[in-house]
Amino acid sequence: TNSCGTATTTATVRVHPLPKPIMGGNTLCQENSIILSDSVADGAWSSSNTAIATVLPAAGLFSEGIVSGISVGTVLISYVIAPGCFVTETVTVNPLGSITLPSAMCVGSLETATDFPGGGTWSSSTPSVVTIGGTSGLASAIASGAAIITYDLGPGCMVSKAVTVNILPPNFYVTGGGTFCIGTPGGDIGLDGSDTGVVYQLVLGSSVVATDTGTGAPIDFGTYSVSGVYSVRATSVSTGCGQNMGGTATIIMSTPTPPFVSINANPGTLVCVGSTVLFTALPTAGGTAPTYNWYVNSTSVGAGSTYSYIPVAGDSVSVTLVSNASCVSPDTATNFVIMNTTTGLMPSLTLMASPGDSVCPGTIVTITPLPVNGGTAPVYTWVKNGVDEGGGLNFVFVPTEGDNILCWMHSSLSCSLSDSVHSDNNILMNVPPINVPAINIVAIPGARISFGETDTLVAAVSFVSSNLSYQWAINGSAVPGATSDTFISSSFNNRDSVTCDVTGYSTCGSAVREAYVIIVDTLVLGVHNVQAASGNLGLIPNPNNGTFTLKGTTGKLEEQLDITITDMLGQVIYQQLVTSRNGKIDEQIKLSQTLANGMYLLNAKGDGENRVFHFVIEK
């Protein structure tokens, strides 16, 4: 509309859809491609720098663009629907690495593949030929063949390398070796087979001492006189793959030693007139098949390892050994014995104890006879503590202290001057017991004290020894640090049971004995130290040597007391009835002098009342 009037015209306007964000990734490697896409069709793809990356529409699909990496860098990829109607994606092109892995491997070999950048995943096209760790890149050649090793950093970024695995040379075994004398050529070393196209190296330590090329036949490397262990390394000429052949050959060069031979004459070199003697050659360094020649007074009489005849006095019996050992010089040795005869021989016998004649309790001891002129079949009779224990080659027993072992031997010699003789020595067994001290606890001022009063307890043992240890306890609980023979305390409570464990030690072990005392608080009980409910008895002296006196008052004009004495095992060793006169007891008691040192209990029972005394015997 204007001043001239009104006119009408029309125009068609096309409105395009707004493109969606580009999908498909934003990184790739040189020489690799990725596919980008947009959900809106009919657009056009472009690259801001085709020297870094190009983009072409996929065949028949203009909404997809194939981006190809050209060089390292960053490029802007655009998807344009119409002027002013487009979307972009920044794409980075990474450098394409090269796999560092040998193109040829040998069966059994290991190699580590690497590439840049890191963080990718490794894979093998043929794991039966080559396996590779997905993240470690450790490649292991399994069998001959070919495989493609791929390093994948993600979509559009992977690189591959072809690897060929070659077989190893076939296995053969090393032959030869041995022990040889110094000064000889030594020993031959070889290989029991070979293969063409393979080089074989004989190796001593780390040094190659010989090289030979396989022909399909066994190989002889020659003779060697240097001590050591020899091995063979086989390497394929075409592939370079190699392995050690089976086995080794050991060369030992020894210094020559002279052989030696001794003669054993049975029953001896002094025999009865008319007795047959068996001579046996005993070789040293004789080899595997030595030979022998026997002579009597320089006259050859036979061959073999033994010879027997009836000698006469003064005969010289000799043997010459010919050794076949590999390293002896010279190869012969000679020895001789001079024979003597007699019309009568005196047999004798010595005894030997194993492990000895002084053992710990429970040890098994074997007594072995050592006869002289006992003949080929002597007969033994064993006597223990004067009692016949029967026969046998050895006497085996578990001894006790003081066991006395004697043996009679009955000689089988035809010219024995005595049919039977006893051993020159007897075995007197020493079986020391484990020291177990008898204990008596002495309380000072006594076992009955006032509350809070200090009481000193002394563990008196039946013998003096430095191999003793002590541990005091109250009511069964060990007192820390109370480990001497004296225990002092002012904290006792009424009826506390105080014990002392005394351990004795010896070479055969240790043993423990315990004594106890009951601490009584007189403020609670109202009684004095050693007085019983009626009367006041005492045992003096204590300790004693087995003779002592029971003395004091019973509290009654006339009372009969049953006196019983037992050891610490409860065995009764003394019992007697004693009658008080005018309420008094004065009875001397004598015990057997065979009683062992230690602690004993005396129980005086009368009219319903018991009085118990602990005493120690010391001799």
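**Topic: the overall build of the chain**
Piece 1. When you go through the chain residue by residue, the secondary structure sums to 1 helix and 55 strands.
Piece 2. Expected size for 619 residues packed as a compact globule is a radius of gyration near 25 Å; at 54 Å, the chain overshoots this value by more than 25%.
Piece 3. In terms of its C-alpha atoms, the chain occupies a principal-axis envelope of roughly 175 × 110 × 35 Å.
Piece 4. A separation of at least 24 residues holds for 57% of the contacts in the chain among residues at least 6 apart in sequence.
Piece 5. Surface summary for the chain: the accessible area is close to 32000 Å², and the carbon and sulfur share equals 54%.
Piece 6. One finds the centroid of the 16 positive side-chain charges in the chain at a distance of 22 Å from the centroid of its 38 negative side-chain charges.

**What about the nonpolar core?**
Piece 1. Counting 24 residues, the largest nonpolar core has L457, W472, F487 and V498 as the members making the most contacts within it.
Piece 2. Mapped onto this core, the elements with two or more residues apiece are strand 41 (439–444), strand 43 (455–461), strand 44 (468–474), strand 47 (496–506) and strand 48 (509–521).
Piece 3. With residues up to four places along the chain from it excluded, the contact list for F487 reads D455, T456, L457, W472, I474, V479, A482, F492 and V498.

**Points about the sheet that holds strand 2 (residues 33–37)**
Piece 1. Ordered in space as 2-5-4, the 3 strands form an open sheet in which the pairing is antiparallel. The sheet is open, and its two edges are formed by strand 2 and strand 4 (53–58), each paired on a single side. Neighbouring strand axes in the sheet, compared pairwise and without regard to direction, differ in orientation by 30° on average.

**A closer look at the pattern of salt bridges**
Piece 1. For the coordinates displayed, the defined rule picks out 1 salt bridge.
Piece 2. D403 is the salt-bridge partner of K384, the closest N and O atoms lying 3.8 Å from each other. In this pair, K384 sits in strand 35 (residues 379–384) while D403 sits in the loop between strand 37 (395–397) and strand 38 (404–410), placing the two residues 19 residues apart along the sequence.

**Side note on the state of the cysteines**
Piece 1. Taken as a whole and assessed by the stated rule, the structure comprises 4 disulfides.
Piece 2. What pairs with C106 in a disulfide is C241, and their sulfur atoms sit 1.8 Å apart. Its S-S torsion of approximately -90° makes the covalent link between C106 and C241 left-handed. With C106 in strand 8 (residues 104–106) and C241 in the loop between strand 21 (228–236) and strand 22 (242–244), the pair connects residues that are 135 residues apart, well separated along the chain.
Piece 3. With relative accessibility at 18%, the residue C106 sits in the buried group.
Piece 4. A relative accessible area of 0% places C241 in the buried class.
Piece 5. Residue pairing for C272: its cysteine sulfur links by disulfide to C415, the two sulfurs lying 1.3 Å apart. The chirality of the disulfide connecting C272 with C415 is left-handed, given an S-S dihedral of about -75°.

**Observations regarding the pairing of strand 13 (residues 145–154)**
Piece 1. Pairing geometry for strand 10 (residues 121–124) and strand 13, over 4 bridges, is antiparallel. Considered in strand 13, the bridge of T121 is made with D152.
Piece 2. Sheet topology note: the strand 13/strand 14 (residues 157–166) ladder contains 9 bridges and is antiparallel. The residue of strand 14 that forms the bridge with A147 is V163.
Piece 3. Once strand 13 ends, the chain turns through 2 residues before running back antiparallel as strand 14, passing G156 with a positive phi of about 75°.

**Brief notes about the sheet that holds strand 6 (residues 73–82)**
Backbone-to-backbone hydrogen bonds pair the strands of a sheet. The strands run either parallel or antiparallel.
Piece 1. Here we have 4 strands laid out as an open sheet, ordered 1-7-6-3, and mixed in their pairing. Because the sheet does not close on itself, it has two edges, and the strands there are strand 1 (27–29) and strand 3 (44–47). Taken over all neighbouring pairs, the strand axes of this sheet differ in orientation by 30° on average, direction set aside.
Piece 2. Both strand 6 and strand 7 (residues 85–94) contribute to a ladder of 9 bridges, which runs antiparallel. Paired with Y79 across the two strands is V87, which belongs to strand 7.

Reading the values: the criteria
Residues numbered from 1 in each chain as written. Predicted model: local features only at pLDDT ≥ 70, side-chain atom pairs only at ≥ 80, totals over all residues. Heavy atoms only, no water. Helix = DSSP H or I, 4+ residues; strand = E, 2+ residues; numbered from the N terminus. Rg over C-alpha atoms; globule rule 2.2 N^0.38 Å. Contact = heavy atoms within 4.5 Å. Areas by Shrake-Rupley, 256 points an atom, 1.4 Å probe, with all protein chains shown as cover. Lys, Arg positive; Asp, Glu negative; His and termini not counted. Charge placed at Lys NZ, Arg CZ, Asp CG, Glu CD. Core = buried A, V, L, I, M, F, W, Y, C linked by side-chain atoms within 4.5 Å. Buried < 20%, exposed > 50% of the residue type's maximum accessible area, 1.4 Å probe, protein only. Pairing = 2+ DSSP bridges. Axes fitted to C-alpha atoms, helices over the stretch in contact; angles between N-to-C directions. Salt bridge = Lys/Arg side-chain N within 4 Å of Asp/Glu carboxyl O. Disulfide = S-S within 2.5 Å.

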